[in-house]
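Topology and contacts: notes
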Protein chains: 2
Amino acid sequence: MSKHVVVIGAVALGPKAACRFKRLAPDAKVTMIDQSPRISYGGCGIPYFVSGEVNNIDALQATPYNVVRDPEFFRVNKDVDVLTETRAVSIDRAARTVLVEHLRTGEQQTLSYDKLVLALGSRANRPPVEGLDLAGVTAATNLEEAEFIRNAMAAGTVSNAVIVGGGFIGLEMAVALADMWGIGVTVVELADRLMPGFLSSTLTRMVRHDLEKNGVTVLTGEKVVRLEGEDGAVARVVTDKRTLDAELVIMAAGVSPNTAIAKAAGLETDPRGALIVNDRMQTSDPDIYSGGDCVTIPNLITGKPGFFPLGSMANRQGRVVGTNLAGGNATFPGAVGSWVVKLFEISACGAGLTIETALREGFDAINVHVEQFDRAHFFPEKTIMSLELVVEKPTRRVLGIQGVSTLGDALTARINAVATMLADKPTIEDISNAEIVYSPPFASAMDILNVAGNVAENILEGRARVIDPEEFERLWNERASNDTVCFIDTRLAGNAQPFLEKYPDHWKNIPEEQIHDRLGEVPTDRTVVLVCNTGLRAYDAQLMLAKEGVSNTVSVQGGMVAMHKIGADI
Amino acid sequence: MSKHVVVIGAVALGPKAACRFKRLAPDAKVTMIDQSPRISYGGCGIPYFVSGEVNNIDALQATPYNVVRDPEFFRVNKDVDVLTETRAVSIDRAARTVLVEHLRTGEQQTLSYDKLVLALGSRANRPPVEGLDLAGVTAATNLEEAEFIRNAMAAGTVSNAVIVGGGFIGLEMAVALADMWGIGVTVVELADRLMPGFLSSTLTRMVRHDLEKNGVTVLTGEKVVRLEGEDGAVARVVTDKRTLDAELVIMAAGVSPNTAIAKAAGLETDPRGALIVNDRMQTSDPDIYSGGDCVTIPNLITGKPGFFPLGSMANRQGRVVGTNLAGGNATFPGAVGSWVVKLFEISACGAGLTIETALREGFDAINVHVEQFDRAHFFPEKTIMSLELVVEKPTRRVLGIQGVSTLGDALTARINAVATMLADKPTIEDISNAEIVYSPPFASAMDILNVAGNVAENILEGRARVIDPEEFERLWNERASNDTVCFIDTRLAGNAQPFLEKYPDHWKNIPEEQIHDRLGEVPTDRTVVLVCNTGLRAYDAQLMLAKEGVSNTVSVQGGMVAMHKIGADI
């Protein structure tokens, strides 16, 4: 008798595992169930359907050649049986059965399995506040919610939307609503910054500036305390600081593993509720596989359990599950955590740890910030990319990389290059020598990524003494009251002139070229902050001054370009 | 007494080594010489100056903030002395001196050194043909030649140009001349394909199709036998097959290390003439460093000596030289060979070995060809990327990756990800699980790179039996006379219809969905070539047929999309 595999969940990992398994074991029987009517869709595409960029919701559920992946598709093309609008009620591991309920009829049925796949996914977190059940309050995690939001926008009944949560989904939804529908959008984030855990404070400021420039109101360090309604529909969001009008509230305060049924069956989970799996994606019951948003896998940087709810993870892990269901021995060792998000004019992208997470994990780490053109600087089409490298000081090991840029693909070209190295503990020398493909339309001869490695070395060896843009901003804002610090612009006079005129008392210009001749003008009794466009001239000036015995200097990483990108008032 | 370092050559590696050294050892003295008037320029930018995209030649010699890197710049900003129009005549290693000649005056001078850097670069190969000294015949390796070509174009005296050599420089020049100046351009390449050694035959066909679509005449497998002139200026290029009119001939038949002076001084070179250096970039004389286009470094894939004449190599190696000159211990272990080139509508990019080079090096290897969207297929802006993976069969080790795409940055995002892994001998499982950053505007949930790893596994395990687009083209062209082969289009009827009408005798359509019902129509007495848009449906159909005992099938890698891209007549 051929093997029977039951798959609970038919969005990403489930279908991938089912189809892979069937390709390897064509005689086996697979039954896949899902509580929703729609299955096998690209949930990450929801913001683009809401915005209207993806016109028809079927596109999210279709193959590249526009065949909708409905139960009939799975039956005919994949020989996989699918039961939609069918909920798994409980698992009896001893009997190897799953009790399911057909939601339309209320009828229950028991499915026997030889192997079981739990593709349970995640659900949007619901903060403990009143009003979540008001009409107009929704998450954005499935196609039904996506259609609700799009229909609300199309109906023209929404003037103001509040998005609770400033992570990936929250920001993508903010862009979708503000950019394409032109309504008032406010993002409320509990943490002190957008995308907490994914970007340094400096880079998150660049993200915030991009959103604010494009009309989104960003409120960080602010807590939603309740939602207020009128006639059963949401009308206002009350935070600990203000009240916001809103006819639409999107809950995007993170997701949690949807594992109640698995826990009830006695499978091991971590404190977050994520299923514990081995590198073959087996749960604590070797006949039950899992993956995607409902499991924990190792963070390959820290070696600790990680949580990576991402469609790409689900797909890759699904293939591993499918292979192993068929008796293969595929492994998924873990992840470094790589990601990208497109905002208005910029995209943000990263892999591995940020400086804050590295410090919190106990690494003795520094953060390197580089601003440089993404192509040869003489090539006409180019943009200045912002790139940060997180480096463990004693070992020179690279722990993470993050960046923002207007040309997102070029940014991913740098992040991917490091993401695939990170698990092997690359050092800054590996980054300095990293073989980024070179030609003037695509990179500099000394690419920004290589430069980031070089700068890290200069900092670790004490040659470059740096401050980051936000520290510069703080010192600059204190300039009137702090006489232990002064500021020298090392650019050519033409660049410095507007600042000299605007700040005659505090802005001083000594171009790098004149440092030797004007040495006497450099104060030795206070910290001299050296600034230029991106940090290069300031570093050279710092070395020239050091040679002359003047070492009371710091240079600003990223320089005036970074200040502009974070929206600093200077 | 402070150390004196002499640097011969001031284009890429020389200035980088000099400046890095001075930053580490500010008290040392550096003298850099070059025979040209212009120094420290981006030679890789020449095609973009010739095209006019870079308007002013100074831009190639300037910093990102438009300061020209002339001798005065190096003196004031870098404390490096530069002698231009100064030629190194000979090196006396015992005396540690370099005899130099000032080209304007003919005067000679002896420079003493503690350490010497040979940044000798490369020179364009000169095939042994008559007429190379005619006016209008030039290489494109330095700024003087670049100005000559641009001036010739601007003067309007050139109606036809012939480019001898179909490698990177030759093709970039072809694009520059045809795209921006609209003249007749012919590329003559001795090998049987463009970019020999860098792309598979299939991908090189895509490059050729791009050039031909845009008006460039491509002649491969053709040898230039002489250049003919009129009144001392070139007028015709005579090949072994025809005579071409040409008022401009650009020699781009590769480059060779420019090491005569080093060889005369007794330094070790390889058969090609490239200086042998260790991983600290020291030549056989430990006081003499070298790097860039004039050295051989290990190919990290084959372990054999490699030759990588690329500006990015020179810059990264220059920094290693500078560090070691100052007593540091930086290393440059070698290269996998990564590259990118922008053509008309497409760019081509790669790293490591092609299938042909892998086989020639003795690897038992296969080539995997994948066509897939570079973003989520439902995202509005996307393009179908072509990607190939070269895999060693017994070890499943990935030896190389190449691709072409209209969106070059997205292509580099995949190639860079693999380029940085290649030296560590990744397997196809590493590629299947490679953590390419994911979001619908940038990648698919199962990215094309992951898919390439997956397809490689399916082929190696015998599940997928494939032919490449050129083999399909050959079989198709033989269709009238070869009755051992038949063709089945597994797409839906709508896609197949035009082909059924055009080729009623040879095109058969059985959509994947109907395979089971129409099994009797699949011949079992000949090879059945299964084709679809990109190869996915054909693979599924192949598995369905195999399940029914029909195993006389092959599927076409890349499918009709690849056929279209190579310009096949179908």
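Residues numbered from 1 in each chain as written. Chains lettered and ligands numbered in written order. Predicted model: local features only at pLDDT ≥ 70, side-chain atom pairs only at ≥ 80, totals over all residues. Heavy atoms only, no water.

1. Quick notes on the overall build of chain A
Helix and strand counts for chain A stand at 16 helices and 31 strands. Taken over the C-alpha trace, chain A has a radius of gyration of 27 Å; the compact-globule value for 570 residues is 25 Å, and the two agree within 12%. Here chain A holds 570 residues, and the buried ones make up 62% of them. Accessible area of chain A: about 20400 Å², with a carbon and sulfur share of 48%. (Helix = DSSP H or I, 4+ residues; strand = E, 2+ residues; numbered from the N terminus. Rg over C-alpha atoms; globule rule 2.2 N^0.38 Å. Buried < 20%, exposed > 50% of the residue type's maximum accessible area, 1.4 Å probe, protein only. Areas by Shrake-Rupley, 256 points an atom, 1.4 Å probe, with all protein chains shown as cover.)

2. What about the nonpolar core?
Counting 102 residues, the largest nonpolar core has Ile8(A), Val98(A), Leu116(A), Leu118(A), Ile297(A) and Leu449(B) as its most contacted members. When neighbours within four sequence positions are excluded, Ile8(A) is seen to be in contact with Ile33(A), Ala88(A), Val98(A), Leu116(A), Val117(A), Leu118(A), Ala119(A) and Leu120(A). (Core = buried A, V, L, I, M, F, W, Y, C linked by side-chain atoms within 4.5 Å. Contact = heavy atoms within 4.5 Å.)

3. Considerations on the interface of chain B and chain A
With 99 residues of chain B at the interface, the matching set in chain A holds 99 residues. Interface area, chain B with chain A, both sides summed: about 7900 Å², of which 57% is carbon and sulfur. Where chain B meets chain A, there are 12 salt bridges. Between Asp540(B) and Lys78(A) there is a salt bridge whose closest N-O contact spans 2.7 Å. Counting across the chain B and chain A interface gives 45 residue pairs in polar contact (both at pLDDT 80 or more). It is helix H10 (residues 408-419) of chain B that contributes the most residues to the side of chain B that touches chain A, 9 residues altogether. Taken together, the residues that form the side of chain B that touches chain A break down as 50 nonpolar, 25 polar and 24 charged. (Buried area = accessible area lost by both parts, 1.4 Å probe. Salt bridge = Lys/Arg side-chain N within 4 Å of Asp/Glu carboxyl O. Polar contact = N/O pair within 3.5 Å; in protein donor to acceptor, adjacent residues only side chain to side chain. Nonpolar A, V, L, I, M, F, W, Y, C, P; charged D, E, K, R; others polar.)

4. Describing the packing of aromatic side chains
Inspection of the entire model under this criterion finds 22 aromatic pairs over all chains. Here Tyr503(B) and Trp507(B) contribute two aromatic rings whose centre-to-centre distance is 6.4 Å and whose plane-to-plane angle is 35°, an arrangement assigned as tilted. Both residues of the pair, Tyr503(B) and Trp507(B), count as buried. Above the ring of Phe373(A), the side-chain terminus of Lys382(A) is found at 5.3 Å from the ring centroid. (Phe/Tyr/Trp six-rings, centres within 6.5 Å; stacked < 30°, edge-to-face > 60°. Lys NZ or Arg CZ within 6 Å of the ring centre and 35° of its normal.)

5. Regarding the relation of the copies chain B and chain A
Between the two copies of the chain lies a relationship made up of a rotation around an axis and a movement along it. Here chain B sits on chain A after a turn of 180° about the axis and a move of 0.0 Å along it, with an RMSD of 0.0 Å. Put plainly, the chains are arranged around a two-fold axis. The residues that chain B uses at the interface reappear at the interface of chain A in 100% of cases, marking a shared surface. (Least-squares fit on C-alpha atoms with pLDDT ≥ 70 in both.)

6. Structural notes on the sheet that holds strand E21 (residues 305-306) of chain A
In sheet architecture, strand pairing relies on hydrogen bonds along the backbone and comes in two forms, parallel and antiparallel. All names here are of chain A. The strand order across the open sheet formed by 3 strands is E18-E20-E21, and the pairing between neighbours is mixed. Each edge of the sheet is formed by a strand with only one pairing partner; in this case those strands are strand E18 (275-276) and E21. Taken together, the 2 bridges between strand E20 (residues 295-298) and E21 define a ladder with antiparallel strand orientation. Its bridge partner lying in E21, Ile-297 is registered against Gly-306. (Pairing = 2+ DSSP bridges.)

7. Observations regarding unusual backbone geometry
The backbone phi angle of Arg96(A) is positive, close to 55°, even though this residue is not glycine. Among the secondary structure elements, Arg96(A) is positioned in the loop between strand E4 (86-92) and strand E5 (97-102). Backbone geometry places Asp231(B), a non-glycine residue, at a positive phi of 55°. Following the sequence through the fold, Asp231(B) ends up in the loop between strand E13 (224-230) and strand E14 (233-239).

8. With respect to the sheet that holds strand E9 (residues 137-138) of chain A
Residues and elements named next belong to chain A. The strand order across the open sheet built from 5 strands is E9-E16-E10-E11-E12, with neighbouring strands paired in parallel fashion. Each of the sheet's edge strands pairs with one partner strand only, and the pair in question is E9 and strand E12 (217-220). Pairing of strand E10 (residues 160-164) with strand E16 (residues 248-251) involves 4 bridges; the strand directions are parallel. Opposite Val-164, over in E16, you have Met-251 as the bridge partner. Relative to E16, helix H4 (residues 143-155) is tilted by about 155°, and along the sheet it contacts E9 and E16. (Axes fitted to C-alpha atoms, helices over the stretch in contact; angles between N-to-C directions.)

9. Re the pattern of salt bridges
If you walk through the whole model with that rule in mind, you get 82 salt bridges over all chains. A salt bridge links Arg38(B) to Asp58(B); the nearest nitrogen and oxygen atoms lie 3.0 Å apart. Taken together, the positions of Arg38(B) in the loop between strand E2 (29-33) and helix H2 (46-51) and Asp58(B) in the loop between H2 and helix H3 (71-78) put the pair 20 residues apart, joining distant regions of the chain. A salt bridge links Glu521(B) to Lys508(B); the shortest N-O distance between them is 3.1 Å. Taken as a pair, Glu521(B) in the loop between strand E29 (507-509) and strand E30 (527-531) and Lys508(B) in strand E29 lie far apart in primary sequence, 13 residues in all. We classify Glu521(B) as partly exposed; its relative accessible area is 34%. Classification of Lys508(B) as partly exposed rests on a relative accessible area of 29%. Three or more residues joined by partner-sharing salt bridges are found here, namely Arg226(A), Glu228(A), Glu230(A) and Arg236(A).

10. Digging into the UniProt feature "domain: Rhodanese" (unreviewed entry) in chain A
The UniProt record annotates "domain: Rhodanese" (unreviewed entry) at residues 509-568 of chain A. Regarding residues 509-568 of chain A, the helix share stands at 32% and the strand share at 17%, and the terminal C-alpha atoms are separated by 20 Å. (UniProt positions renumbered as here; feature names shortened; annotations may be inferred.)

11. Some thoughts on H4(A)
Residue and element names in this part refer to chain A. When the terminal C-alpha atoms of H4 are compared, their 18 Å separation across 13 residues agrees well with the 18 Å that a helix rising 1.5 Å per residue should span. Considered for burial, the residues of H4 that qualify are Leu-143, Glu-145, Ala-146, Ile-149, Arg-150, Ala-152 and Met-153. Of the residues flanking the start of H4, the one acting as N-cap is Asn-142, its side-chain oxygen 3.1 Å from the backbone nitrogen of Glu-144. Looking one or two residues beyond H4, the residue adopting positive phi is Gly-156, at roughly 75°. (Expected span 1.5 Å × (residues − 1).)

12. Comments concerning the pairing of strand E12 (residues 217-220) of chain B
For a regular strand, the rule is simple: side chains alternate between the two faces of the sheet. Residues and elements named next belong to chain B. Where strand E11 (residues 184-189) meets E12, 4 bridges bridge the pair, whose relative direction is parallel. The residue of E12 that forms the bridge with Glu-189 is Thr-220. Traced from E11 through helix H6 (residues 201-213) to E12, the parallel crossover comes out right-handed. (Right-handed = clockwise from strand over helix to strand, strands pointing away.)

13. Points about the pairing of strand E26 (residues 398-405) of chain A
Residue and element names in this part refer to chain A. Extensive coverage of E26 is indicated by the burial of 8 of its 8 residues. Relative to E26, strand E23 (residues 347-352) runs antiparallel, the two sharing 6 bridges. Paired with Cys-349 across the strands is Gly-403, a residue of E26. Note: strand E25 (residues 384-392) against E26, 6 bridges, orientation antiparallel. By the bridge assignment for E26, Glu-388 is matched with Gln-402. Linking E25 to E26, which pair antiparallel, is a turn of 5 residues; within it Arg-396 sits at a positive phi near 65°.

14. Observations concerning a negative patch on the surface
Together, Asp424(A), Glu429(A), Asp430(A), Asp424(B), Glu429(B) and Asp430(B) make up a region of like negative charge exposed at the surface. Looking at the element boundaries, Asp430(B) is found in helix H11 (residues 428-432). Asp430(B) sits in the partly exposed class, given a relative accessible area of 35%. (Patch = residues over 30% accessible without salt bridge, like charges linked within 9 Å, V, L, I, M, F, W, Y side chains within 5 Å. Lys, Arg positive; Asp, Glu negative; His and termini not counted. Charge placed at Lys NZ, Arg CZ, Asp CG, Glu CD.)

15. Regarding the domain arrangement of chain A
All names here are of chain A. Here chain A is partitioned into domain 1 (4-121 + 256-325), domain 2 (137-253), domain 3 (338-460) and domain 4 (466-565). The C-alpha-based centres of domain 3 and domain 4 are spaced at 25 Å. Every contact between the two is made by 9 residues of domain 3 and, on the other side, 8 residues of domain 4. Between domain 3 and domain 4 the total buried area reaches about 710 Å² when both faces are included, carbon and sulfur atoms providing 56% of it. Its largest share of buried area at the contact with domain 4, domain 3 owes to His-369, Glu-371 and Ile-384, together 63% of the area lost on that side. At the junction of domain 3 with domain 4, the criterion picks out 1 salt bridge. Of the charged contacts in the structure, one is a salt bridge between Lys-565 and Glu-371, with a shortest N-O distance of 2.8 Å. One can count 6 residue pairs in polar contact (both at pLDDT 80 or more) joining domain 3 with domain 4. (Domains from an automatic or database assignment.)

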